[in-house]
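Listed below, chain by chain, are the residues.
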Amino acid sequence: RDGTAPVASASSGAPLLRLDDFLPHRLNVLSSLVSQALTRVYGRHGIGIPEWRVLVTLGENGVMTGKAVGAQTHMHKTKVSRAVAQLEERKFLTRRANRADLRESFLSLTPAGRAVYEELAPSALAFMDRLAEVVAAADRPAFDRAMKQLTKRSAELVAEAEAGKI
């Protein structure tokens, strides 16, 4: 397969669309499988995908608001809020009120959260290396460019949809 979906008419009896050739479906399957495999790295700490994303984002960036975490991770504010509450309950992060806007808080990792981040980061990087090893070293720059281009285009399509253009 070359990744292009075959085009057929409804009258020919051939499918108009094959799910296995549909790029959005293929990306979703890939994402789901990668997430399932990656849970072996962070799951032993009793955290799920949203908590993992918040933990790593704060580990990478330091102090952030929930809104900023959501923007960087592309997670809905409800999912971010639940993840923050669970990490706070586990004493992995702390909140500090934003005096300029009492509707939001500044989030940061506690020493325990920082320790989990620092413990998991090497395993996560090793996982990434194992995942990427199937892409030939010479192809990795092109693969990275394609990923960035698809991400950028997807963001543009989201903006168009929100503006009612599609």
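Placed above this text is the structure.
The residue count restarts for each chain, going from 1 along the sequence in the order it is written. Only residues with pLDDT of 70 or above have their local features reported here, since the model is predicted, and side-chain atom pairs are shown and tallied only from 80 upward, although totals for entire chains, interfaces and linings are computed over all residues. Water and hydrogen atoms play no part in the side-chain values, which are based on all heavy atoms of the structure.

Novice: How would you summarise helix 3 (residues 66-73) if you had to cite specific residues and measurements?
Specialist: Burial classes follow relative accessibility: with a 1.4 Å probe on protein chains only, a residue under 20% of its type's maximum area counts as buried, one over 50% as exposed, and anything between as partly exposed. Each helix corresponds to a stretch of at least 4 residues labelled H or I by DSSP, and each strand to a stretch of at least 2 residues labelled E; elements are numbered beginning at the N terminus. Of all the residues in helix 3, the buried ones are Val69, Gly70 and Thr73. Projected onto a plane normal to the axis of helix 3, the buried residues spread over an arc of 100° and lie on a single side. Those residues of helix 3 that are exposed and angled more than 90 degrees off the buried face are Lys67 and Ala71. Tucked into the core, helix 3 has its buried residues touching helix 2 (49-61), strand 1 (64-65) and helix 4 (77-89). Looking at the residues trailing helix 3, positive phi occurs at His74, about 60°. Here, the arc refers to the directions that run from the helix axis to the C-beta atoms. Any two residues whose heavy atoms approach within 4.5 Å at even a single point are treated as in contact.

Novice: Summarise the side chain of His45; cite the residues concerned and give the values.
Specialist: Looking at where His45 falls in the secondary structure, it is placed in the loop between helix 1 (23-42) and helix 2. In this structure His45 touches Arg90, Val116, Glu119 and Leu120, once residues within four positions along its chain are discounted.

Novice: I'd love a proper account of the pattern of salt bridges, names of residues and values included.
Specialist: What makes a salt bridge here is a side-chain nitrogen of Lys or Arg within 4 Å of a carboxyl oxygen of Asp or Glu, nothing more. According to the stated counting rule, one finds 7 salt bridges in the structure shown. Put simply, Glu156 and Lys152 hold a salt bridge, and the shortest N to O gap is 4.0 Å. Taken as a pair, Glu156 and Lys152 lie in helix 6 (residues 140-162) at a separation of 4 residues, close to a single helical turn. The class of Glu156 is partly exposed, set by a relative accessible area of 30%. By relative accessible area, which is 57% here, Lys152 ends up exposed. Across the salt bridge formed by Glu156 and Arg153, the nearest N and O atoms sit 3.1 Å from each other. Highlighted residues: Glu156 and Arg153, both in helix 6, separated by 3 residues, approximately one helical turn. Put simply, Lys152, Arg153, Glu156 and Glu160 are held in one network by salt bridges that share partners.

Novice: So what's going on with the packing of helix 2 against helix 3? Residues and values would help.
Specialist: Direction vectors running N to C along helix 2 and helix 3 enclose 105°, while the axes themselves pass 10 Å from each other. One way to sum up the angle between helix 2 and helix 3 is to call them roughly perpendicular. Of the residues in helix 3, those in contact with Arg53, Val54, Thr57, Leu58, Glu60 and Asn61 of helix 2 are Val69, Gln72 and Thr73. Its residues placed into classes, the contact of helix 2 with helix 3 shows 3 nonpolar, 4 polar and 2 charged. Orientation is described by lines fitted to C-alpha atoms, with helices fitted over the stretch in contact, and by angles between N-to-C directions that extend from 0 to 180 degrees. Should an angle fall under 35 degrees it is taken as roughly parallel, and over 145 as roughly antiparallel, whereas 65 to 115 is taken as roughly perpendicular and any remaining angle as oblique. Residues are sorted three ways: Asp, Glu, Lys and Arg are charged, Ala, Val, Leu, Ile, Met, Phe, Trp, Tyr, Cys and Pro are nonpolar, and all the rest, Gly among them, are polar.

No statement about biological role is implied by the geometric values presented.
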